[in-house]
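Spelled out from the first residue to the last, the chains are:
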Amino acid sequence: AQLVESGGGLVQPGGSLRLSCGASGFTFSRYHMNWYRQAPGKEREWVAGITSVSVGGITNYADSVKGRFTISRDNAKNTVYLQMNSLKPEDTAVYYCNARMSPYPEVWGQGTLVTVSS
């Protein structure tokens, strides 16, 4: 099982980025998908999640990103996205993709760096 993130980079405050996470080696549509982030010197924190197809693809967000970030999934492409708008310097972090379906082991990507700076 593997997850590969892409789409990170440098963006000015107020700008937008779209992260992508491609999945392989497991049945993507059956897994709940999440984005986490880890800022320098801080613990990893959950950002957003989308449930599996079987429970309706329900989305949830951390309060810090609600209204600015949107998580979505394309099950035909085995890909989950994170659209990030109105970015702030405090959004600077390494963003990680996560796949979860009990009782199987979680799957993590290697991360992609997002830097919000002028």
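Let us look at the structure shown here.

So, how was this worked out
Residues numbered from 1 in each chain as written. Predicted model: local features only at pLDDT ≥ 70, side-chain atom pairs only at ≥ 80, totals over all residues. Heavy atoms only, no water. Core = buried A, V, L, I, M, F, W, Y, C linked by side-chain atoms within 4.5 Å. Buried < 20%, exposed > 50% of the residue type's maximum accessible area, 1.4 Å probe, protein only. Helix = DSSP H or I, 4+ residues; strand = E, 2+ residues; numbered from the N terminus. Salt bridge = Lys/Arg side-chain N within 4 Å of Asp/Glu carboxyl O. Pairing = 2+ DSSP bridges. Disulfide = S-S within 2.5 Å.

**A short note on the nonpolar core**
If you look at the biggest cluster of nonpolar residues, it comprises 32 residues, and the most contacted ones within it are Leu3, Met33, Trp35, Val80, Leu82, Met84 and Tyr95. At the level of elements, strand S3 (17–24), strand S4 (32–38), strand S5 (45–50), strand S7 (69–74), strand S8 (79–84), strand S9 (93–100) and strand S11 (112–116) are the ones that each hand at least two residues to this core.

**Digging into the pattern of salt bridges**
Close approach of charged atoms lets side chains of opposite charge pair. One pass over the structure, following the stated rule, counts five salt bridges. The closest approach of N and O atoms between Asp91 and Arg37, which form a salt bridge, is 2.9 Å. Pair noted here: Asp91 is in the loop between S8 and S9 and Arg37 is in strand S4, with a separation of 54 residues, a long-range link. For the pair formed by Asp91 and Arg37, the shared burial category is buried.

**Thoughts on the pairing of S11**
Only one face of S11 is buried, namely the one carrying Thr112, Val114 and Val116, since none of Leu113 and Thr115 on the opposite face is buried. Bridge count for strand S2 (residues 9–11) against S11 is three bridges, and the pairing is parallel. In the sheet register, Val11 faces S11, and the bridge partner there is Val116. As paired elements, S9 and S11 share three bridges and run antiparallel to each other. Within the sheet, the bridge partner assigned to Ala93 lies in S11 and is Val114.

**Description of the state of the cysteines**
Per the stated rule, a full pass over the model turns up one disulfide. Covalently, Cys21 is tied to Cys97 through a disulfide, its sulfur atoms 2.2 Å apart. Handedness here is read from the sign of the S-S torsion; for Cys21 and Cys97, about -90°, the answer is left-handed. Taken together, the residues span a long stretch of sequence, with Cys21 in strand S3 and Cys97 in strand S9 at a distance of 76 residues.

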